[in-house]
Amino acid sequence: MSSNESSLSQPPPPPPGIALNPTKKQFSQRKQLNLTECKWASAYPEIQKACYLARVSPYISPKSCRYKNIQPILQEGPTCGLVALSMLVNGAPNAGDLLNLAREKLYTKNGEMFSALNLFELVKSAISDDIGTNLKLFEGKLNCHEIKQVLQSGGCLLVPYDPDFNHGPCVLNGRKAHWALIIGHLIDDNGKFYVFSRHGKTRNIAIWSLKLLSESNANLNEFEQPKGYPDAEFLLPMGGIGGVLGLKNKCIIVNNVPIDEVVIK
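Residue numbering note: each chain is counted from 1, following its sequence as written. Predicted model: local features are reported for residues with pLDDT of at least 70 only, side-chain atom pairs are reported and counted for 80 or more only, and whole-chain, interface and lining totals are derived from all residues. Think of the side-chain values as coming from all heavy atoms in the structure, minus any hydrogens and water.

K.L.:
Quick rundown of the side chain of T79? Include the residues and the values.
P.N.:
Strands are runs of DSSP state E lasting at least two residues, helices are runs of H or I lasting at least four, and both sets are numbered from the N terminus onward. When you line up the elements, T79 lands in the loop between β1 (64-68) and α4 (80-88). Pairs of residues are marked as contacts when any of their non-hydrogen atoms sit within 4.5 Å. Residues in contact with T79, not counting those within four places in the same chain, are N110 and G111.

K.L.:
Any details on the pairing of β1? Residues and values, ideally.
P.N.:
On a regular strand, one side chain projects to one face of the sheet and the next to the other, so that they alternate. Looking at chain direction, β1 and strand β5 (residues 178-187) are connected through 4 bridges and run antiparallel. Residue pairing in the sheet places Y67 in a bridge with G184 of β5. A strand pair is defined by DSSP finding two or more bridges across the two strands. Note: β1 against strand β9 (residues 261-263), 3 bridges, orientation antiparallel. Note that in β9 the partner of Y67 across the bridge is V262.

K.L.:
Talk me through a nonpolar patch on the surface; I want residue IDs and the actual numbers.
P.N.:
Judged by side-chain polarity, L117, M238, V244 and L245 come together as a nonpolar surface patch covering roughly 420 Å² of accessible area. Looking at where L117 falls in the secondary structure, it is placed in helix α6 (residues 116-126). Only protein chains enter the accessibility calculation, which uses a 1.4 Å probe; a residue whose area is less than 20% of its type maximum is buried, one above 50% is exposed, and one in between is partly exposed. When its relative accessible area of 33% is taken as the criterion, L117 is described as partly exposed. Nonpolar side chains (Val, Leu, Ile, Met, Phe, Trp, Tyr) are joined into patches within 5 Å and like charges within 9 Å, using only residues with over 30% relative accessible area and no salt bridge. Calculation of accessible area relied on Shrake-Rupley with a 1.4 Å probe; when residues are assessed, cover is drawn exclusively from the protein chains displayed. By definition here, a salt bridge exists when the distance from a side-chain nitrogen of Lys or Arg to a carboxyl oxygen of Asp or Glu is within 4 Å.

K.L.:
Please provide a residue-by-residue account of the environment of C51, values included.
P.N.:
Locating C51 in the fold gives a position in helix α3 (residues 45-54). The exposure class assigned to C51 is buried, which follows from its relative accessible area of 0%. In this structure the C-alpha to C-alpha distance between C51 and A41, which are 10 residues apart in sequence, comes to 8.8 Å. If sequence neighbours within four positions are ignored, C51 has contacts with C38, W40, V56, L186, F196 and I207.

Dropping the structure here:
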C-alpha cells in the first residue's frame, strides 16, 4: 500500500475544540437548547423548553399561563395511572403503595388502571379530606367550558389518552392507553387552549392542545396487549376500556390541590 493510500484510509482529525471523548459536562452543555424563542417564559426553563419544542407562543406572550409546581416521577412497569396519582400527592403515598392498595381492591394485576372509576376511588383514598380537595369523575368531551374553568381556577386533571411516539396525544383507538396528570394551562394570543402535562415516561413537562387531548380521550375504544408485556394478564373492566366503567370520555377532576401554583404574566 502506498503512503497516499495509507493517508486516505485514516480518519480525519476532529475539528478544533471538539474532544474525541467528551466529558459528561461537555455532553450536557451540547444537549442544552439555545432558546431564542418563548422568551416570555425565560424565568421558567421547563415551560420555555416545552413551548419552544411544541412551537407554542414563540414570539407573543400568552393571554394566560399557570401551572402547579408538581415534580416528576418515572414509572416502573405499566403503572402510569398510579404514578400520575402519586405525583399529584407529592409522592406520598408512592406508586408502590398505591399498587399494593389497588391489588387489594382488585383494581389491577400489574399496575394497569383501565377503569377511570377505580382510579377515582384510589384518588379518594390517597387524598385526605382535611385539605378541602374537591374531586369529580368527569364524563364527556374534555374540550369544554367546565374543563377549561377547572384549569383556569388552578385545578388538575388525571386523563387517559392514546400516546404517540413522542408521548403526545394521538388517535389509535385506545391501543396504547396511557394516563397523564394535567397540571396547568396556556391560552395563546389567538385564544387557542393548551394544557401542561406530566406523565411517568419522562421528567419533562409537555404542552398539548386541549382539542387534541380531548379527541384522543374520546377514542379509547379497545385494549391491545402491550408489546413489552406479551404474556402478562391485565384486568379490564366489564365492557372494556370503551365501556361505561372504562376510560373513554372520562377524566378525574381535582380542585384545590395544595401545591404551589406558578402564574406567568
